[in-house]
Amino acid sequence: MAEKTIFKKIIDKEIPANVVYEDEQCLAFYDVSPQAPVHVLVIPKTTELRSVNDVSEDNADLIGHIFCVIKKLAADLGIAENGYRVVSNCGPCACQTVPHLHFHLIGGRDFSWPPG
Ligand code: 5GP
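It should be emphasised that the depicted structure is a prediction, and the values quoted were computed from it without experimental measurement.

(A) Quick look at the site of the ligand. The environment of the ligand is formed by 16 residues, the closest being Asp 31, Asn 89, Thr 97, His 102 and His 104. At 2.8 Å from an oxygen atom of the ligand is found a side-chain nitrogen or oxygen belonging to His 104. Considered on its own, the ligand offers 520 Å² of accessible surface; in the complex 81% of this is hidden by protein. Secondary structure elements with two or more residues in the shell around the ligand: helix H1 (6-11) and strand E2 (26-30). Among the elements that take part in the shell around the ligand, H1 stands out by supplying three residues, more than any other.

(B) The arrangement of the side chain of His 39 in detail. The residue His 39 is located in strand E3 (residues 38-44) in this model. There is a polar contact of 3.0 Å between the side chain of His 39 and the backbone nitrogen of Gln 35. In terms of polar contacts, His 39 uses its side chain to reach the side chain of His 104, at 2.8 Å. Discounting residues that sit within four places of it in the chain, His 39 has contacts with Phe 29, Tyr 30, Asp 31, Ser 33, Pro 34, His 104, Leu 105 and Ile 106.

Conventions used here
- Residues numbered from 1 in each chain as written.
- Predicted model: local features only at pLDDT ≥ 70, side-chain atom pairs only at ≥ 80, totals over all residues.
- Heavy atoms only, no water.
- Near = heavy atom within 4 Å.
- Polar contact = N/O pair within 3.5 Å; in protein donor to acceptor, adjacent residues only side chain to side chain.
- Areas by Shrake-Rupley, 256 points an atom, 1.4 Å probe, with all protein chains shown as cover.
- Helix = DSSP H or I, 4+ residues; strand = E, 2+ residues; numbered from the N terminus.
- Contact = heavy atoms within 4.5 Å.

Structure representation (structure tokens):
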């Protein structure tokens, strides 16, 4: 069996996290190394999706649900009106460090474009 990722350990409550939202399908918690005043990670509970590369029609309902949660959290955390980013780093060139699909919800400051 593959070794658990840090996110799977958070899902299984083996290591603590500052959880802001949880349901049967997904979990949202504050990033341990925030890049903005609001920096939350939203992840599916399944370990089958390692990155956006594993998104398909088979899990489209789950991904749609996660985006509904992201939208709700942006409103609840007070960043919806001014704007925010939803980022999913996919693969080594994009600096993905945890091989469990996750979406960064970041806001509370101005951003620049293009990203680094
Ligand atoms: P990635 O670089 O894969 O796109 O994002 C992984 C994110 O997970 C990083 O922003 C990193 O700070 C965060 N992270 C890594 N380990 C932990 C942890 O143990 N707890 C929390 N809350 N976030 C973590």
